[in-house]
Amino acid sequence: MLKVKNMMRAVRVYEFGGPEVLKVQTDVPIPVPNDHQVLIRVNACGVNPVDIYIRSGTYTRQPTLPYTPGEDVSGVVYEVGKKVTSFKRGDRVFTLKTDSGGYAEYAVAAADSVFPLSDKLDFKQGAAVGIPYFTAYHALFQKGSANAGETVLVHGASGGVGVATCQLAKAYGLKILGTAGTEAGMNLVLRNGAYAVFNHNDENYIAQIKRSAAAQDINIIIEMLADVNLDNDLKLLSSGGRVMIVGSRGLIQINPRETMAKETSIRGVSLFSATKEEMKQCAAAILAGAEAGWVKPFVGCEYPLEKVAEAQQDIIYSRGATGKMVLVV
Ligand SMILES: NC(=O)c1ccc[n+]([C@@H]2O[C@H](COP(=O)([O-])OP(=O)(O)OC[C@H]3O[C@@H](n4cnc5c(N)ncnc54)[C@H](OP(=O)(O)O)[C@@H]3O)[C@@H](O)[C@H]2O)c1
């Protein structure tokens, strides 16, 4: 199929380092899909903290340089590989894994990593579904064995993964306690199904949680910043409770004894380590949720591609998340 042009705007990284290594170029070749890939005309791409860890060169998985960052793309199918039967040109789609990078006008992705985007969601919301919702489902249900009727504390509920976790937990019948760092974030958490919300910047908030009648039986904690909170999490859990470590950016000292009397557990979560079967289950649940109307990503900030460096700085260093951050292409 002939393309109107063969060059595109895209972000390129030639060396690992700070935000200055993100270069917006207009002369990047549009990728050509192989037999099993789909070429997507990108409308929006989610910015995830992992994009920054990778760019800085400190992450365990490193792409070959130069590369284009970004995975959580939404847009319209522009071209399909010869063996792709599941999509056709013009389909609205999202993916959480591109092969060529999502901070770009076009991206290729394996057809089996691409999903239909519900008409109920716009493209910016589509860019907020993949990694946040799949991670939330993986953490809550596949690794955390959450059950209806249990209480979950979403420790960091106002960002991309946090809001997704609240919506999933609500839909599956859990009672939700959440934390956020600002009033706007706290309101967002309440609007997304939390029974009670606490401000993790308030120095007494752990005591407030302990005093709250709603928090007497916390079965699961979905933890976004374990290096700060793990010690307190172990004290907050009820008998048999589990802390699911979704995010952590450093070291923390804990007393293992805290786990003994209540037989609590600490479990790490990595969406990257999810099996194909687990990913299929995540997709089935989330696509059904989008159709039913309760998967409703909240996009808090959007940036044009040219402001990619500012966006990446903000997701790590600015305080007060209000949902998901996306780049609009
Ligand atoms: N394991 C995995 O597979 C996986 C997948 C996706 C993401 N992650 C990780 O999960 C974390 C969250 O990702 P995200 O995309 O939701 O990022 P995000 O949108 O930037 O949200 C960050 C969240 O952390 C909260 N936070 C800030 N300080 C906190 C504290 N002291 N205690 C608890 N929460 C605090 C923020 O609240 P305020 O801004 O309101 O203060 C916000 O709710 C990141 O570390 C990310 O790397 C892991």
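Going by the structure above, here's the rest.
Just so it is clear, the structure is predicted and the values come from calculations on it, not from any experiment.

Digging into the layout of surface pockets
- Within this model, the second largest pocket holds a volume of roughly 190 Å³.
- In terms of lining, the second largest pocket is formed by Gln167, Lys170, Ala171, Leu188, Arg191, Asn192, Gly193, Trp294, Lys296, Pro297 and Phe298.
- Residue contributions to the lining of the second largest pocket peak at three residues, all from helix α4 (residues 160-171).
- Its residues assigned to classes, the lining of the second largest pocket shows five nonpolar, three polar and three charged.

Remarks on the environment of glycine 289
- Tracing the sequence through the fold places glycine 289 in helix α8 (residues 276-292).
- Exposure remark for glycine 289: the relative accessible area of 0% places this residue in the buried category.
- Expressed as a C-alpha distance, the spacing of glycine 289 and glutamine 167, which sit 122 residues apart in the sequence, is 9.3 Å.
- Apart from the residues within four sequence positions on either side, glycine 289 is in contact with Trp294 and Val295.

A closer look at the nonpolar core
- Counting 43 residues, the largest nonpolar core has Phe134, Leu140, Val152, Ile222 and Ile286 as its most contacted members.
- When contributions to this core are tallied by element, the ones reaching two or more residues are α3 (130-143), β8 (151-155), α4, β9 (175-180), α5 (183-191), β11 (218-223) and α8.
- Among the elements that line this core, the one with the most residues is α3, at eight residues.
- By size, the runner-up hydrophobic cluster in this structure holds 31 residues, among which are Val38, Val73, Tyr103 and Val114.

Regarding the packing of aromatic side chains
- Evaluation of the coordinates by the stated rule reveals nine aromatic pairs.
- For the ring pair phenylalanine 141 and tyrosine 172, a centre distance of 4.5 Å and an interplane angle of 45° mean the geometry is tilted. Residue phenylalanine 141 is found in helix α3, and its partner tyrosine 172 is found in the loop between α4 and β9; the two are separated by 31 residues along the sequence.
- We classify phenylalanine 141 as buried; its relative accessible area is 14%.
- Among the aromatic residues, those joined into a cluster by ring pairs are Tyr137, Phe141, Tyr172 and Trp294.
- Directly above the aromatic system of tyrosine 106 lies the positively charged group of arginine 41, at a separation of 5.5 Å from the ring centroid.
- For the cation-ring pair, arginine 92 lies above phenylalanine 123, with the distance from its terminal atom to the ring centre recorded as 4.8 Å.

The rules we used
Residues numbered from 1 in each chain as written. Predicted model: local features only at pLDDT ≥ 70, side-chain atom pairs only at ≥ 80, totals over all residues. Heavy atoms only, no water. 1 Å grid on protein atoms, 1.4 Å probe; cavity = no way out; pocket = protein on both sides within 12 Å on 5 of 7 lines; lining within 4 Å. Points joined across faces, edges and corners; volume = space filled by probe spheres on them. Helix = DSSP H or I, 4+ residues; strand = E, 2+ residues; numbered from the N terminus. Nonpolar A, V, L, I, M, F, W, Y, C, P; charged D, E, K, R; others polar. Buried < 20%, exposed > 50% of the residue type's maximum accessible area, 1.4 Å probe, protein only. Contact = heavy atoms within 4.5 Å. Core = buried A, V, L, I, M, F, W, Y, C linked by side-chain atoms within 4.5 Å. Phe/Tyr/Trp six-rings, centres within 6.5 Å; stacked < 30°, edge-to-face > 60°. Lys NZ or Arg CZ within 6 Å of the ring centre and 35° of its normal.

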